[in-house]
Amino acid sequence: MEQKKILIITYYWPPAGGPGVQRWLKFAKYLPDFGWKPIIYTPENPSYPLLDETLMKDVPENIEMVRTKIWEPYQLAEKLNKSNKKFKAGQFDVGKNQSWKSKLSIWVRGNFFIPDARVFWVKPSVTFLEKYLKENEIDTIVTSGPPHSLHLIGLGLKNKMPDLKWVADFRDPWTEISYYKHLKLTKSSDKKHRQLESAVFKNADITLATSYTDAENFRKAGANAVCITNGYDESDSGQKAEGQNLQNGQAFTLSYIGVLEQLRNPENLWKALDELIKENAEFAADFKLKFVGRIDDKILQSIENSSLKNHILNLGYLAHGKAVEEMQNSDLLLITNFPNESSKGIIPGKIFEYLASGKLILSFGPDKADVSKILEETQAGKHFSYQDTEAVKSFILDKFNLWKNGSILENPQHIEQFSRKNLTQQLAEVLK
């Protein structure tokens, strides 16, 4: 049977690193198993915040790639202020950490580049793809954001080709994402963001959300929304099946894998660990705090000014396979979310690789978060608010004592629903 063609419009594609690239890289890997031929449309000269050449091995052989040039203002912004490099990953200095240059750069970013700085790729892409889709008889497209400007490519094509089936994939929300309120938007800019978002919701045939709460919120805003979460790939190196949890043994290691910015900084955790080190000599002798990824300089400076200083192992950004190995060499895995209630629907993609590692998860975020629901369902860890300190101390100390006594820490259950292949099968059902 001949495969149906689907054009995936994505900014992030290998050699881009980080979580943003994983979702459609894995869908593209498994879609042919369910009757779809993926074709990738991506920039020829993107400005990625992170690179990971090892992800190239996951790109399907002979996959059709379509590329056009993009102009982005980030190089100019970085010359004005080096901290502007954070913008490419949706990170900002906040509060007392903001210099006047940061404030100016954030204001310019929020009000001059709507919805984001990749907006200059929209019009040339619509012109190019309208012809390409017709010539290649493709009637289904996906736009993946952020950057949400890619959804405007879908909107432009839908306006020109009403019979085109358009799936708008929101890896993160648009106006409901936590850093939106930090963009220093004027009333007119805020109105424009919301009008564009609404147009996408109402014109896309299907809107994909990565969390249960986001899907519900998108439906309330007029979208035909379906939740397909992110997941884990069983073929990734270092990951273990259920029931194969192994202890690190050498030190009681709490690890954070990924990017940690100021808006998701678990200050109560650092306080709890600082107190445990001061109060418990055994804990102080055996504890290690490991970072794998890019940790905000201001967060590191703060931690290094506490008793945690001599317990930190900062490995920096590692290739994806190596990062997965470091998950295995841990006893607790840390995940953080934005603290406000509007972010309870965000499910960080790394939680699924955490689940696949078989390690216990320590989570921070708003109450009644979707992450908490997953942890309860899989018995994989505990979720706390950013106000908890004593409860966090008690949880960590309890797990430390289990580790000290040679007990196997809990294993997650029923995680196969989050495998990339099973999720791709769900996607194929939606595309019918």
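A short tour of the structure in this document, coming up.

**A look at the packing of aromatic side chains**
- Under the definition given, this model contains 23 aromatic pairs.
- Ring centres of Trp-270 and Phe-291 lie 6.0 Å apart, and the angle between their planes is 75 degrees; this geometry places the pair in the edge-to-face category. With Trp-270 in helix H8 (residues 267-279) and Phe-291 in strand E9 (residues 287-295), this residue pair connects regions lying 21 residues apart in the sequence.
- Overall, Trp-270 belongs to the buried group, its relative accessible area being 7%.
- Ring centres of Phe-400 and Trp-403 lie 5.8 Å apart, and the angle between their planes is 25 degrees; on these two criteria the pair is classed as stacked. Linking Phe-400 with Trp-403, this pair stays in helix H14 (residues 390-404), spanning three residues, or about one helical turn.

**Focus on the side chain of Asn-265**
- By the secondary structure assignment, Asn-265 is in the loop between strand E8 (252-260) and H8.
- With a relative accessible area of 15%, Asn-265 lands in the buried category.
- Here Trp-270 takes part through its side chain, which lies 2.7 Å from a polar atom of the side chain of Asn-265.
- Setting aside its immediate chain neighbours within four residues, Asn-265 contacts Trp-270, Ile-299 and Tyr-386.

**Regarding unusual backbone geometry**
- The linkage connecting Ile-114 with the following residue, Pro-115, adopts the cis geometry, with an omega of 10 degrees.
- Following the sequence through the fold, Pro-115 ends up in the loop between helix H3 (100-112) and helix H4 (122-135).
- Following Pro-146, the chain continues into Pro-147 via a peptide bond in cis, with omega recorded as 0 degrees.
- Here Pro-147 shows up in the loop between strand E4 (140-145) and helix H5 (149-160).
- We note that Asn-62 has phi near 65 degrees; this positive angle belongs to a residue other than glycine.

**A closer look at helix H1 (residues 22-30)**
- With eight of its nine residues buried, H1 lies for the most part within the structure.
- Turning to H1, its buried residues number three or more, namely Gln-22, Arg-23, Trp-24, Leu-25, Lys-26, Phe-27, Ala-28 and Tyr-30.

**Here's the deal with the sheet that holds strand E5 (residues 165-170)**
- Overall, parallel pairing links the seven strands, which are arranged E3-E2-E1-E4-E5-E6-E7 in an open sheet. Unpaired on one side and paired on the other, strand E3 (64-68) and strand E7 (225-227) mark the two borders of the sheet. Looking at each pair of strands side by side, their axes are set apart by 25 degrees on average, direction ignored.
- As judged from the five bridges shared by strand E2 (residues 36-43) and E3, these two strands associate in the parallel manner. Across the sheet, Ile-40 pairs through a bridge with Met-65, a residue of E3.
- Strands E5 and strand E6 (206-209) of the sheet are contacted by helix H6 (residues 187-203), whose axis makes an angle of about 130 degrees with E5.
- The sheet strands contacting helix H7 (residues 212-220) are E5, E6 and E7, and the helix crosses E7 at an angle near 175 degrees.

Criteria and thresholds
- Residues numbered from 1 in each chain as written.
- Predicted model: local features only at pLDDT ≥ 70, side-chain atom pairs only at ≥ 80, totals over all residues.
- Heavy atoms only, no water.
- Phe/Tyr/Trp six-rings, centres within 6.5 Å; stacked < 30°, edge-to-face > 60°.
- Helix = DSSP H or I, 4+ residues; strand = E, 2+ residues; numbered from the N terminus.
- Buried < 20%, exposed > 50% of the residue type's maximum accessible area, 1.4 Å probe, protein only.
- Polar contact = N/O pair within 3.5 Å; in protein donor to acceptor, adjacent residues only side chain to side chain.
- Contact = heavy atoms within 4.5 Å.
- Pairing = 2+ DSSP bridges.
- Axes fitted to C-alpha atoms, helices over the stretch in contact; angles between N-to-C directions.

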